[in-house]
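Spelled out from the first residue to the last, the chains are:
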Amino acid sequence: MLDETDRRIITELARDGRMSMRTLAETLHISRANAYARVARLQQDGVIRGFHADIDPVAAGLTTAAYVTVNLQQANWREVLGRLRTLPGVVHIGLVGGDFDVILLVRVADNTELRHLVLDEIQGMAGVVSTRTLLLFEESAPGQGVA
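Residues numbered from 1 in each chain as written. Predicted model: local features only at pLDDT ≥ 70, side-chain atom pairs only at ≥ 80, totals over all residues. Heavy atoms only, no water.

Q: Where do I start with the overall build of the protein in this structure?
A: Scanning the protein for helices and strands turns up five helices and four strands. The helix and strand sequence of the protein, counted from the amino end, reads α-α-α-β-α-β-β-α-β. In terms of C-alpha radius of gyration, the protein reaches 20 Å, well past the compact-globule figure of 15 Å for 147 residues. Summarising its shape, the C-alpha atoms of the protein cover approximately 55 × 35 × 25 Å along the three principal directions. (Helix = DSSP H or I, 4+ residues; strand = E, 2+ residues; numbered from the N terminus. Rg over C-alpha atoms; globule rule 2.2 N^0.38 Å.)

Q: Explanation requested: the nonpolar core in the structure shown.
A: Proteins that are soluble and globular tend to have nonpolar side chains buried together. Membership of the largest hydrophobic core comes to 19 residues, with the highest contact counts inside it found for Val70, Leu84, Leu87, Val102, Leu104, Val106 and Ile122. At the level of secondary structure, the elements contributing two or more residues to this core comprise strand S1 (64–72), helix H4 (77–84), strand S3 (102–108) and helix H5 (111–122). Ignoring anything within four residues of it in the chain, the contact list for leucine 104 reads Ala66, Tyr67, Val68, Val70, Leu84, Val90, His92, Ile93 and Ile122. Listed in part, the 12 residues of the second largest apolar core include Ala25, Ile30, Ala35 and Ile48. (Core = buried A, V, L, I, M, F, W, Y, C linked by side-chain atoms within 4.5 Å. Buried < 20%, exposed > 50% of the residue type's maximum accessible area, 1.4 Å probe, protein only. Contact = heavy atoms within 4.5 Å.)

Q: Whenever I open this one, the environment of valine 108 confuses me. Can you help?
A: For valine 108, the location among the structural elements is in strand S3. Considered as a pair, valine 108 and leucine 62 are 46 residues apart in the sequence and their alpha carbons are 4.7 Å apart.

Q: Whenever I open this one, the domain arrangement of the protein confuses me. Can you help?
A: It is common to give the size of an interface as the accessible area that goes away when the parts come together. Segmenting the protein into domains produces domain 1 (4–45) and domain 2 (58–136). A separation of 36 Å is found between the C-alpha centroids of domain 1 and domain 2. (Domains from an automatic or database assignment.)

Q: Would you mind showing me how to read the sheet that holds S1 here?
A: What holds strands together in a sheet is hydrogen bonding between their backbones, with the strands either parallel or antiparallel. Read from one edge of the open sheet, four strands run S2-S3-S1-S4, paired in antiparallel fashion. This sheet does not close on itself; its edge strands, each paired only once, are strand S2 (90–95) and strand S4 (128–135). For this sheet the average axis-to-axis angle between neighbouring strands, irrespective of direction, equals 20°. Pairing geometry for S2 and S3, over five bridges, is antiparallel. By the bridge assignment for S3, isoleucine 93 is matched with leucine 104. Along the sheet, H4 contacts S1, S2, S3 and S4; its crossing angle with S2, the most-contacted strand, is approximately 160°. (Pairing = 2+ DSSP bridges. Axes fitted to C-alpha atoms, helices over the stretch in contact; angles between N-to-C directions.)

Structure (structure tokens):
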């Protein structure tokens, strides 16, 4: 169970993963020892999975983004998901219910790479019945508005 202090730690570290323990402790009005112990416990329990750099995909050369929906042969879903996890450019995989079975967020350099990823790699997999690609024109994080 997470208490209010744990939730505040998660909020602060999600906002700034490079925050020092001293600053975290001061912000939350707890001791540094308490901050260290709580963060270590949250890591050990798998609540905090790591600390990552927030990369701008466009600045990193990944100027084309799309959602790709995938319909599968139901008997092959585990194998297909395993293969999808290995594809460069696939940054998120969601197994869903509804009109399709899987939704992918993909980021690649350009439309040529997107075509190769979707038509050659994904549609070429055994167990994939069909795909549908939804090109993203613009993105924004929650609370940031559209650029």
